[in-house]
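Residues per chain are reported as follows:
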Amino acid sequence: MSLVNTRIVNQIAILEIDSPPVNALSAQLRSEMIAALQALADQSQLQAIVLYCAGSTFICGADIREFDGEPLAPHLPELISHLERSTVPVIALLHGHVLGGGLEVAAACHYRVALKSTNIGLPEVGLGVVPGAGGCQRMMRLVGVTNAVKLATSGRAVKVTDDNYARLCEHLIDSQDDLLQQGLAWVQRRLAENSLPIKPTSELALDSAAQEIDWQQFKKQVQRSAKSNPAPMQLLQQLARDWALPVAQGEKNTRKLFLQLRQSDAAKALRHAFFAEKKMQPGRSQQAFTVSKVAVIGAGTMGSAIAICFADGGFKVTLLEQSQQALERGLKRIEDEYQRSCERGRINQKQLQQRLNLIQGSCDYSSISEVDLVIEAAFESLEVKKTIFKRLDSVCKEGAILATNTSYLDINVIAQATSRPESVVGMHFFSPANIMKLLEIVKADKTSDAVLEQMQQLAKKLRKQAVTVGVCFGFAANRIYTRYGREVQQMLLEGASIEMIDQAMREFGMAMGPLAVQDLSGIDIGHNARSQYPHPSYDPGYFKVSAALVAAGRLGRKSGSGFYDHSQRTACLDPQVAQIIAQVAQELKVEKTEFSLQSIAQRALLAMISEAIQVLEQGIVQQKEAIDLIWLHGYGFPRAKGGPMFMAQQWGIAQLQQQFSALREKQGDKIWPRLNLAKYLE
Ligand code: 3HC
């Protein structure tokens, strides 16, 4: 099937691209576009060429699926050169998303006309690569060096109407208007006025303000946000050096970097993350979405943040508490959080007010009788939750979805407290709930498919990354996280120090070290959750360090001390903790191990992988990609490493078998069971 159709209307050629779903620049599309441009070069009467895309978007970039293989000819720079060298003016009509190679194509055209709703961006760094066809160089000439560098190194898309980028387009069209019709009318007008000269972007001058750019300051900003992805910094370094070069030379240099990075481990991992997210997106639903009014039970830290999530998504929320005092504290917390967002420029004053207006407080269960969904975020105790669900069962309307935000408790038992277990589901948010993207949708034995489908649609509206999981201790996420935590504690007993462990995981790329996280979230939280379940008899050291710290009143930041001492502004090490650990290790007669930063990170990852494969084997999650998304969006795993299952795949079965059997020898096959690696890693 042909991806490019050309027709000529009044001496204007319309080159229409139709390559669903997003008009990605595959080799076939590149080749057909070049052929179409070559065919038009023979048309002597032609006055202009209009580049237009069918469907919901302009070209959204190179076809990422091609990146795993050798680059296929014709390459994008060749197409770009045909466009720029055209002897009649080429006008790009833009709508939807104009990203990556799509923006490079648009920037090489002589004019751009766009719908006002169009987004533009150079998201390549998010895929571990850099713009490979002169996008940076041409954008520097069209929107200024600083703006182009910001666009390319941040990878973030902006609206075409954004003040800093408005110069890109010669003409903007109201979004409800017909782009092709209005775009052609503009071209005809300009032709009639004789004001459509050919101006190759490469020949435009650079702005003089570029001389003043503080590249060091730029580097600091990029360093802060790029984390373990090397692409943004490498691009910035190159642009800082090359920005004043002619386009052809600059383009050649970034193309070289693009080809080099394309095969890097980080780029492979980032591509994996991109496609894992697409794979886990819910399909189109046949069911109408019925959730509009929502209630949240419990106005503590979690409940308040969940209420914010819903208000951000445009839902009306009733926040229910037992006492007026607790309710007011929760509402104040919400207001403060919105104020902070406003001060940071994430929302404006009007949005702040709109969102606050969506949230109302109540201490009366009868006020939630008509809501479509309740999320219980009360104290983590089975008895407390059973009582609440009994109450919800008696007050909520028929068909209301009753969700619990429990992190560990058995949702089947909670569901049994109601007369409608088919309506009960887990909605497990991650802290802080209004920031972290992950949402575990927990399917209990009797949860209906209709309820699950509503949850998936809801997650999309809340802009969450949903993963559907089954019931077990900690579901998928906290169960694997607990296994990671257990291994960290075991390494402490074997002689790894607190700072070494946190440093190892930070250097690996985790947002925070695991012990600093414990201090932040409260050591007693996990301790209390675990104490509701029998400890594994085959694992004598199981979270014994945490138990000893809790017994010593060291609960983390909230009590002034935990793994670290928090009495000063910055956390510092406390020799007392080392003594507590040494004492537990001595009582348990734990053999010492020699550790390096690398061996600590490796062992922590092996623990995650081992538990993840058991979670898959037991059907708690269905796809291995779900495991990676849990870690990327719930626990700050470095995206440029792809996730534990991706890393397992990279290491390969033979290496994993060897590592697992060495650990099994030391700790036994209950802790390191034999696993069917081939089933999940081949
Ligand atoms: N290549 C191949 N497939 C792509 C793709 C791309 N660049 N972009 C999207 N797709 C696929 C998705 O995998 C999905 O496939 P599926 O239906 O089989 O799951 C389908 O298109 C629809 O995508 P979304 O579900 O993401 O659609 P949305 O409407 O939600 O979002 C989008 C559209 C904003 C364009 C989003 O897909 C996106 O951000 N895509 C990636 C854009 C990008 O990174 N472009 C740069 C590529 S690198 C480059 O251009 C290098 C150059 O400089 C040489």
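Because the structure is predicted, anything quoted here is derived from the model rather than measured.

Check the secondary structure of the protein chain and you find 27 helices and 17 strands. The C-alpha radius of gyration computed for the protein chain amounts to 28 Å, which stays within 12% of the reference 26 Å derived for 682 residues, consistent with globular compactness. Its C-alpha atoms put the protein chain at 90 × 60 × 50 Å along the principal axes. Looking at the protein chain as a whole, 56% of its 682 residues are labelled buried. Pairs at least 24 residues apart make up 73% of the contacts formed inside the protein chain by residues separated by at least 6 positions. Surface accessibility of the protein chain: about 30,200 Å² in total, with carbon and sulfur atoms responsible for 48%. A distance of 1 Å separates the average location of the 73 positive side-chain charges in the protein chain from that of its 68 negative side-chain charges.

A word on the packing of aromatic side chains. Scanning all chains against the criterion turns up 19 aromatic pairs. Centre to centre, the rings of F274 and F275 are 5.1 Å apart; their planes meet at 80°, and the pair counts as edge-to-face. Residues Y484 and W631 carry aromatic rings whose centres are separated by 5.6 Å and whose planes lie at 75° to one another, so their mutual orientation is edge-to-face. Here Y484, found in helix α17 (residues 477–493), pairs with W631, found in helix α24 (residues 624–634); they are 147 residues apart in sequence, far enough to count as distant. Pair check on accessibility: Y484 and W631 agree, each one buried.

Take the site of the ligand next. The full set close to the ligand counts 25 residues, and A62, G101, E104, E124 and K278 are the nearest of them. The separation between an oxygen atom of the ligand and a polar side-chain atom of E124 is 2.6 Å. About the coverage of the ligand: the protein hides 72% of its 990 Å² of free accessible area. Looking at which element gives the most residues to the shell around the ligand, the answer is helix α10 (residues 265–279), with three residues.

We note that the domain assignment places domain 1 (4–263), domain 2 (293–469) and domain 3 (477–619 + 652–681) within the protein chain. Once you take the C-alpha centre of each, domain 1 and domain 2 turn out to be 43 Å apart.

What follows covers the pattern of salt bridges. Following the criterion strictly, the structure yields 31 salt bridges and no others. Among the ionic pairs, R271 bridges to D68, the shortest N-O distance being 3.0 Å. Of this pair, R271 sits in helix α10 while D68 is found in the loop between β3 (48–53) and α2 (76–84), placing the two residues 203 residues apart along the sequence. Classification of D68 by relative accessible area gives exposed; the value is 59%. Across the pair K385 and E376 runs a salt bridge whose closest N-O atoms are separated by 2.6 Å. The class for E376 is buried, based on a relative accessible area of 0%. Within the structure, one salt-bridge network assembled from shared partners comprises R479, R483, R486, E487, E494, D539, R603, E611 and K666.

Strand order across the open sheet formed by three strands is β5-β7-β8, with mixed pairing between neighbours. Of all the strands in the sheet, just β5 (97–99) and β8 (158–159) have a single pairing partner and so form its edges. In this structure, β5 lies alongside strand β7 (residues 119–121), joined through three bridges in parallel fashion. Bridge pairing in β7 links H97 to N119. Set on the sheet, helix α3 (residues 101–108) makes contact with β5 and β7; between it and β5 the angle comes to about 90°.

Let's shift gears to the environment of Q650. Its location among the elements puts Q650 in helix α25 (residues 644–651). Counting along the chain gives 309 residues from Q650 to S341, while the straight-line C-alpha distance between them is 39 Å.

Put simply, the second largest pocket is a space of about 480 Å³. If you trace the second largest pocket, you find 20 residues lining it, with F473, P536, Y538, Y542 and E611 closest to the centre. Those elements that place two or more of their residues in the lining of the second largest pocket are α17 and α23 (597–617). With four residues, α17 is the single largest residue contributor to the lining of the second largest pocket. For the lining of the second largest pocket, the per-class residue count stands at nine nonpolar, four polar and seven charged.

It is characteristic of soluble globular proteins that their nonpolar side chains tend to be buried jointly. By size, the foremost hydrophobic cluster in this structure holds 96 residues, and its most contacted members are L392 and W631. The biggest single contributor to this core is α23, with twelve residues. When residues of this core are assigned to domains, at least three map to each of domain 2 (293–469) and domain 3 (477–619 + 652–681). Discounting residues that sit within four places of it in the chain, W631 has contacts with I480, Y481, Y484, M510, M608, G636, F637 and P644. Counting residues in each nonpolar core, the second largest holds 75 residues, with L3, M33, L79 and L236 among its members.

Let us now look at the environment of G526. Looking at the secondary structure, you find G526 in helix α20 (residues 523–531). The buried category is assigned to G526, whose relative accessible area is 14%. Separated by 44 residues in sequence, G526 and T482 place their C-alpha atoms 8.6 Å apart.

Sheet strands pair via backbone hydrogen bonds, and the direction of the pair is either parallel or antiparallel. As summarised here, the arrangement of the six strands in space is β1-β2-β3-β4-β6-β9, forming an open sheet in which the pairing is mixed. Taken across any chain shown, the strands that pair with only one partner, and hence form the sheet edges, are β1 (4–9) and β9 (171–173). Strand after strand, the sheet turns through a mean of 20° between neighbouring axes, direction not considered. Judged from the six bridges that link them, strand β2 (residues 12–17) and β3 form a sheet pairing that is parallel. The residue of β3 that forms the bridge with L15 is L51.

Quick look at the packing of α10 against α24 now. Packing of α10 against α24 brings their axes to within 10 Å, and their N-to-C directions diverge by 110°. Judged on the interaxial angle alone, α24 and α10 are roughly perpendicular. In this structure, α10 crosses over α24, and the sense of that crossing is left-handed. On the side of α10, the interface is formed by H272, A273, A276, E277 and K279, while α24 contributes E625, D628, L629, L632 and H633. Tallied by class, the residues present in the contact of α10 with α24 amount to four nonpolar, two polar and four charged.

We now examine unusual backbone geometry. With the exception of glycine, the majority of residues adopt a negative phi angle, and the majority of peptide bonds are in the trans configuration. With omega at -5°, the peptide bond leading from A73 into P74 counts as cis. Relative to the assigned elements, P74 resides in the loop between β3 and α2. Cis geometry is adopted by the peptide bond preceding P432, which originates at S431 and carries an omega value of -10°. Phi at N23 takes a positive value of approximately 55°, unusual for a residue other than glycine.

Now for the environment of G313. Relative to the assigned elements, G313 resides in the loop between α11 (301–312) and β11 (316–320). Considered as a pair, G313 and R355 are 42 residues apart in the sequence and their alpha carbons are 9.1 Å apart.

Further remarks concern the pairing of strand β14 (residues 401–404). Side chains of β14 alternate between two faces, with I401 and A403 and L402 and T404 buried alike. Here strand β13 (residues 373–376) runs beside β14; their pairing, made up of four bridges, is parallel. Counterpart to L373 in the pairing with β14 is I401. In this fold, β13 hands off to helix α14 (residues 382–395), which returns the chain to β14; that crossover is right-handed. Pairing between β14 and strand β15 (residues 424–429): three bridges, direction parallel. Within β15, the position partnered with T404 by the bridge is G426. Considered for its hand, the β-α-β crossover made up of β14, helix α15 (residues 411–416) and β15 is right-handed.

Cut-offs and rules
- Residues numbered from 1 in each chain as written.
- Predicted model: local features only at pLDDT ≥ 70, side-chain atom pairs only at ≥ 80, totals over all residues.
- Heavy atoms only, no water.
- Helix = DSSP H or I, 4+ residues; strand = E, 2+ residues; numbered from the N terminus.
- Rg over C-alpha atoms; globule rule 2.2 N^0.38 Å.
- Buried < 20%, exposed > 50% of the residue type's maximum accessible area, 1.4 Å probe, protein only.
- Contact = heavy atoms within 4.5 Å.
- Areas by Shrake-Rupley, 256 points an atom, 1.4 Å probe, with all protein chains shown as cover.
- Lys, Arg positive; Asp, Glu negative; His and termini not counted.
- Charge placed at Lys NZ, Arg CZ, Asp CG, Glu CD.
- Phe/Tyr/Trp six-rings, centres within 6.5 Å; stacked < 30°, edge-to-face > 60°.
- Near = heavy atom within 4 Å.
- Polar contact = N/O pair within 3.5 Å; in protein donor to acceptor, adjacent residues only side chain to side chain.
- Domains from an automatic or database assignment.
- Salt bridge = Lys/Arg side-chain N within 4 Å of Asp/Glu carboxyl O.
- Pairing = 2+ DSSP bridges.
- Axes fitted to C-alpha atoms, helices over the stretch in contact; angles between N-to-C directions.
- 1 Å grid on protein atoms, 1.4 Å probe; cavity = no way out; pocket = protein on both sides within 12 Å on 5 of 7 lines; lining within 4 Å.
- Points joined across faces, edges and corners; volume = space filled by probe spheres on them.
- Nonpolar A, V, L, I, M, F, W, Y, C, P; charged D, E, K, R; others polar.
- Core = buried A, V, L, I, M, F, W, Y, C linked by side-chain atoms within 4.5 Å.
- Parallel < 35°, antiparallel > 145°, perpendicular 65-115°, else oblique.
- Left-handed = near helix turned anticlockwise from the far one by under 90°.
- Right-handed = clockwise from strand over helix to strand, strands pointing away.

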